[in-house]
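Summary of the model geometry
Chain residues, written in single-letter form:
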Amino acid sequence: MIILRLVLLAAIAPLLAPGAFAQTAPTKVATQPQLRGLTANEAAKLTEKVADAQFMLKNDEQVVFDLLCGAPASYPMTRVAPRDAFLDLPLTKIFSIERKISDNKLWQPYRIIILPDGPARLLWDVEVVLGINGEIERIEMLYRPPAPF
């Protein structure tokens, strides 16, 4: 009987340890975005250009670039105007920034992945195209599910 009690106590002892039932913290997105094909300084300048465009639109200032926004047809995000979606774009939650290869010498496209609700959730896939003068020519946003990795 004593042996049975010792075995039972040994089995439940780890469950009685402090923190055994503590919840694990949610997975957080890295504070520094993953970069492909550009430096941290270039990524910061690109993000600043997009943030400036948001700021200017919020303040009804004159901004000239193409703004396209979409989502799969059944997603509720298709009911949101492109301007509103752009103004709500959470630039503090950028997961990655990539310089895309382009044969066009007049335009340089970049791809920004934004995780508004964290990993493994719907994301914003944003293409920002800078013109020859370094200014934004087009922003194309697609709200979509993450790739199945």
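Residues numbered from 1 in each chain as written. Predicted model: local features only at pLDDT ≥ 70, side-chain atom pairs only at ≥ 80, totals over all residues. Heavy atoms only, no water.

Across the sheet, six strands lie side by side as E1-E3-E4-E5-E6-E2; this open sheet has mixed pairing. Both edges of this open sheet fall to strand E1 (34-36) and strand E2 (66-70), since each of them pairs with a single strand only. In this sheet, neighbouring strand axes are inclined to one another by 10° on average, regardless of whether the strands run parallel or antiparallel. Summarising the sheet, E1 and strand E3 (residues 94-99) pair through three bridges and their orientation is parallel. (Pairing = 2+ DSSP bridges. Helix = DSSP H or I, 4+ residues; strand = E, 2+ residues; numbered from the N terminus. Axes fitted to C-alpha atoms, helices over the stretch in contact; angles between N-to-C directions.)

Right, let's talk about the layout of surface pockets for a bit. Reported here for the second largest pocket is a volume of approximately 190 Å³. Lining the second largest pocket are Lys49, Asp52, Ala53, Met56, Gln62, Val63, Val64, Phe65, Asn133, Glu135, Ile136 and Glu137. If you list the elements that add at least two residues to the lining of the second largest pocket, you get helix H2 (40-58) and strand E6 (136-144). With four residues, H2 is the single largest residue contributor to the lining of the second largest pocket. (1 Å grid on protein atoms, 1.4 Å probe; cavity = no way out; pocket = protein on both sides within 12 Å on 5 of 7 lines; lining within 4 Å. Points joined across faces, edges and corners; volume = space filled by probe spheres on them.)

Attention shifts here to unusual backbone geometry. A positive phi is found at Asp60, a non-glycine position, where the angle reads about 55°. Of note, Asp60 is situated in the loop between H2 and E2. A relative accessible area of 66% places Asp60 in the exposed class. (Buried < 20%, exposed > 50% of the residue type's maximum accessible area, 1.4 Å probe, protein only.)

Next up on the list: the environment of Ser96. Along the chain, the position of Ser96 falls in strand E3. Between the C-alpha atoms of Ser96 and Leu35, which are 61 residues apart in sequence, the distance is 5.8 Å. Setting aside residues no more than four positions away along its own chain, Ser96 makes contact with Pro33, Gln34, Arg36, Arg111, Ile112 and Ile113. (Contact = heavy atoms within 4.5 Å.)

Once that is clear, we can look at a nonpolar patch on the surface. A cluster of nonpolar side chains, contributed by Leu106, Trp107 and Ile132, occupies part of the molecular surface with about 330 Å² of accessible area. Structurally, the position occupied by Trp107 is in the loop between E3 and strand E4 (108-114). By relative accessible area, Trp107 is classed as partly exposed at 31%. (Patch = residues over 30% accessible without salt bridge, like charges linked within 9 Å, V, L, I, M, F, W, Y side chains within 5 Å. Areas by Shrake-Rupley, 256 points an atom, 1.4 Å probe, with all protein chains shown as cover. Salt bridge = Lys/Arg side-chain N within 4 Å of Asp/Glu carboxyl O.)

This part covers the pairing of E4. Buried residues dominate E4, accounting for five of its seven residues. Where E3 and E4 come together, five bridges link them in antiparallel fashion. Residue pairing in the sheet places Glu98 in a bridge with Arg111 of E4. Here E4 runs beside strand E5 (residues 123-130); their pairing, made up of seven bridges, is antiparallel. The residue of E5 that forms the bridge with Tyr110 is Val128.

With that out of the way, let us pick up the side chain of Arg138. Residue position: Arg138 is located in strand E6. Residue classification places Arg138 among the buried residues on the basis of a relative accessible area of 18%. A distance of 2.8 Å separates polar atoms of two side chains, one belonging to Arg138 and the other to Glu127. Sequence-distant contacts of Arg138, that is, excluding residues within four places in its chain, are made with Phe65, Asp66, Leu68, Trp107, Glu127, Val128 and Val129. (Polar contact = N/O pair within 3.5 Å; in protein donor to acceptor, adjacent residues only side chain to side chain.)

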